[in-house]
Amino acid sequence: MSNSPRAVAYIDLGALEENCRSIRGCLKPGTGLLGVVKADAYGHGALEVSRKLEAIGIDYLGVATVDEGVDLRKGGIATPLLIMSGVFSWDEIEPVVRYDLTPVVHDDSLLTRLAALSKEFARPVRVHVKFDTGMGRLGFRPAEAQRVAAILANSPGVKTEGIMTHFPSPEVRDEYGLSQVRAFLKVVDTFRAAGLDPAYAHMSSSGAIVTYPEAHFSLVRAGISLYGSHPSRSLEEVLPLRQVMKVVARIAFCRDFPAGVPLSYGRTYQTPRDTRIAYIPVGYSDGYPRSLSNKGRVLIKNRECSIVGRVCMDWSLADVTDLDGVQSGDEAILLGEGDSRGRSISANEMAELAGTIPYEILCKISRRIKRVYI
Ligand SMILES: *Cc1c(COP(=O)(O)O)cnc(C)c1O
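Model, not experiment: these values are computed from the prediction.

Chemist: It is not clear to me how helix H10 (residues 347-354) should be interpreted in this structure. Could you clarify?
Modeler: Given 3.6 residues to a turn, an α-helix orients residues that are three or four positions apart in the same direction. Of the positions making up H10, those classed as buried are Ala 347, Asn 348, Met 350, Ala 351 and Ala 354. The arc that holds every buried residue of H10, seen down its axis, measures 160°, which confines them to one face. Where H10 is buried, its residues touch strand S18 (331-337), strand S19 (344-345) and helix H11 (358-364).

Chemist: What should I look at first to understand the site of the ligand in this one?
Modeler: Surrounding the ligand, one finds 14 residues, the nearest of these being Lys 38, Tyr 42, Ser 206, Ile 224 and Tyr 359. Contacts to the ligand include Tyr 42, whose side-chain N or O atom sits 2.5 Å from an oxygen atom. Within the backbone of Gly 223, an N or O atom sits 2.8 Å from an oxygen atom of the ligand. When the ligand is considered free in solution it has 390 Å² of accessible area, and contact with the protein chains removes 92% of it. Listed by contribution, the elements that provide at least two residues to the shell around the ligand are helix H2 (38-42) and strand S9 (219-222). Taken together, the residues of the shell around the ligand break down into 6 nonpolar, 4 polar and 4 charged.

Chemist: Teacher, can you tell me more about the pairing of strand S7 (residues 158-164) here?
Modeler: Residues in a regular strand project their side chains so that they alternate between the two faces of the sheet. Of all the 7 residues making up S7, 6 are buried; the element is thus mostly covered by neighbouring parts of the structure. Here 6 bridges tie strand S6 (residues 125-130) to S7, and the two strands are oriented parallel to one another. Of the residues in S7, the one forming a bridge with His 128 is Gly 162. Regarding the hand of the β-α-β motif, the stretch spanning S6, helix H7 (residues 145-153) and S7 is right-handed.

About the criteria used
Residues numbered from 1 in each chain as written. Predicted model: local features only at pLDDT ≥ 70, side-chain atom pairs only at ≥ 80, totals over all residues. Heavy atoms only, no water. Buried < 20%, exposed > 50% of the residue type's maximum accessible area, 1.4 Å probe, protein only. Helix = DSSP H or I, 4+ residues; strand = E, 2+ residues; numbered from the N terminus. Arc of directions from axis to C-beta. Contact = heavy atoms within 4.5 Å. Near = heavy atom within 4 Å. Polar contact = N/O pair within 3.5 Å; in protein donor to acceptor, adjacent residues only side chain to side chain. Areas by Shrake-Rupley, 256 points an atom, 1.4 Å probe, with all protein chains shown as cover. Nonpolar A, V, L, I, M, F, W, Y, C, P; charged D, E, K, R; others polar. Pairing = 2+ DSSP bridges. Right-handed = clockwise from strand over helix to strand, strands pointing away.

In structure tokens:
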């Protein structure tokens, strides 16, 4: 690795810890925190993030797939691990048992098979049962609660450790969401009546942690907020968070142009005046969205500069005409906090300009950009 990589993604584990503390601070007493580390911890590095969360006492970790869970176990993570997408085929049960993973059961194919074979497991397989109260994705219908509970109550090899559901609009508090809370509570009651008493009932992801305090129950699932973004900017003032990832590139070189010169692919930008351009060696293959062509903002010397022309596979162009003395080797902050904490480019800001959501911005920062943990 060279001493001056063209770009680095600094992952501030101290900021992660602060966010964790801020989130815990708004939970009802007795509510546990599940840290969502799927998709390589939203691009932050699943193993490093999980190690940090484990060290500061996270109650549970959540990934999407069995493979992601196995990788964390192989990396030494001992915290309970929820496989939120469930298992895709029966083949995945072997690693689930071997690595002590907790799959989400959301349909009959896994439920009936687990129930039928459960006596063969050396120790009970822990599961969380998911109900679809209005997301329209994974989960049994609430009307099936009694039938599902009866099957589980008669399956000694399956331990119903959790019961869960998910909001489609966690950042919006409205009647639809409140009706989901009521539907979920009825399902929980049905389970209790069947003699099941899951240790965990959980519903809220990052947005709902703020907007639906009555849905904290015994566990909440925080993903994007751990990494410093809210699903909606309207929540930023309610619960201030710090951007954990900071992407810093080194300017490769600068060039001066007179007015009237087209720059980059498609000639979508023409210099309006004498212009100085800084060439940033990061492009869409690094995960800097091409949709930020002629729209993006970067911080150079703590000043906001515009991305001009098309973002290329390996390069982006920033207008530094109004800045003095920019030269090759200077830092360009593409995402994250600047030197003085006042100025920053948040994942939400980037997402707004790029026409997407902060989740996608963070997940897509490619592995070509080295992660450095601080
Ligand atoms: C990804 C995911 C989460 C985390 O959502 P955030 O908005 O990032 O907090 C929570 N629950 C489920 C089921 C998920 O798939």
